[in-house]
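# Structural features, examined
Each chain, letter by letter, is given below.
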Amino acid sequence: MQDILLFVNHHLMLFSALAVILVLLITLEGIKLKRGATRLSPARVTWLINHAKAVVIDIRTPDAFLTGHIAGAISLPAVELKTGLKKIEKFKAQPIVLTCATGTDSPASATFLTTQGFQVHILNGGIRAWREADLPLIKK
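Read on for a plain summary of the structure. Counting of residues starts from 1 at the beginning of each chain's written sequence and follows it residue by residue. This being a predicted model, a pLDDT of at least 70 is required before a residue's local features are given, and a value of 80 or more before pairs of side-chain atoms are given or counted; all residues contribute to the totals for chains, interfaces and linings. Only hydrogens and water are set aside when side-chain values are computed; all heavy atoms of the structure are taken into account.

### Looking at the overall build of the protein chain
In plain terms, the rule: Where helices and strands are cited, they refer to DSSP runs of H or I of at least four residues and of E of at least two residues respectively, numbered from the N terminus. Classification of residues uses two cut-offs on accessible area relative to the type maximum, computed with a 1.4 Å probe and protein chains only: under 20% is buried, over 50% is exposed, and between them is partly exposed. By definition, residues are in contact when any of their heavy atoms lie within 4.5 Å. The method behind every accessible area is Shrake-Rupley, applied with a 1.4 Å probe, and residues are considered shielded solely by the protein chains displayed. By the counting scheme adopted, Arg and Lys are positive, Glu and Asp are negative, and His together with the chain ends is not counted. Note that the charge is assigned to NZ on lysines, CZ on arginines, CG on aspartates and CD on glutamates.
Looking only at helices and strands, one finds seven helices and five strands in the protein chain. C-alpha extents for the protein chain along the principal axes are approximately 70 × 30 × 25 Å. Within the protein chain, buried positions represent 36% of all 140 residues. Within the protein chain, counting contacts between residues at least 6 apart in sequence, those at least 24 apart form 65% of the total. Roughly 8,900 Å² of accessible area belongs to the protein chain as shown, and the carbon and sulfur atoms make up 65% of that amount. Mean positive and mean negative side-chain charge positions of the protein chain (16 and 9 charges, respectively) differ by 7 Å.

Written out as structure tokens, the structure is:
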């Protein structure tokens, strides 16, 4: 213990830098936990769909949904999320994967669904990343 105090005394700037880095790391982890949704790659989403029976919810507009969506995805535009909760209430026990066009619109919806008790994940990069990974899309 005395050695640690001696080190801190002799290297105050180094110890201060360590303390700042630790505080920042703890803060970032806290923000991640508060956000409640993890970002998943298209490959990880595919695994979740196949092995954990994840439900994909596409929060893009209905027109964008019809131009191409993940097989089995449910169309629930972000603007209708609060009023359309009954449409997805039965999936509370399953993992939910939110997808949008580029992955930028999903976090706000993910935060809302997490507060409602859903297990939410986000497709990192959205449908754009799904296309870039050469994964199939259904067009209706």
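Now that the structure has been shown, the text picks up again.
### A word on the packing of aromatic side chains
Let me state the cut-off plainly: Stacked, edge-to-face and tilted labels apply to pairs of Phe, Tyr and Trp rings (six-membered ring for Trp) whose centres lie within 6.5 Å, assigned for plane angles under 30 degrees, over 60, and everything in between, in that order. Charge-over-ring placement is defined geometrically: NZ (Lys) or CZ (Arg) within 6 Å of the ring centre, and within 35 degrees of the ring normal.
Evaluation of the coordinates by the stated rule reveals zero aromatic pairs. The ring of F118 has K92 lying over it, and the distance from NZ or CZ to the ring centre is 5.5 Å.

### Quick look at the nonpolar core
Put simply, the rule reads: Within this scheme, the nonpolar core is defined by two criteria: the residues are buried Ala, Val, Leu, Ile, Met, Phe, Trp, Tyr or Cys, and they are joined through side-chain atoms within 4.5 Å.
Grouped together as the largest cluster of nonpolar side chains are 19 residues, with contacts concentrated most on I57, I88, I96, L98, L113, F118 and V120. Sorting the residues of this core by element identifies strand 2 (55–58), helix 5 (85–88), strand 4 (95–99), helix 6 (106–115) and strand 5 (119–123) as the ones contributing at least two each. When residues in this core are grouped by element, the largest group, three residues, is from helix 6. Excluding residues that lie within four positions of it along the chain, I88 makes contacts with I57, L76, L113 and F118. Listed in part, the 13 residues of the second largest apolar core include L48, A73, V97 and L123.

### Concerning the sheet that holds strand 4
Quick reminder of the rule: Between any two strands, pairing holds if DSSP finds at least two bridges. Only C-alpha atoms enter the line fits that serve as axes; for helices the fit covers just the stretch in contact. Angles between N-to-C directions range over 0 to 180 degrees.
Across the sheet, five strands lie side by side as 1-5-4-2-3; this open sheet has parallel pairing. The outermost strands of the open sheet, each flanked by one partner alone, are strand 1 (38–40) and strand 3 (74–75). Pairing geometry for strand 4 and strand 5, over four bridges, is parallel. By the bridge assignment, V97 is partnered in strand 5 with H121. Where helix 6 meets the sheet, its contacts fall on strand 1, strand 4 and strand 5, and the angle it forms with strand 5 comes to roughly 170°.

Note that all results are geometric; they support no functional claim without further evidence.
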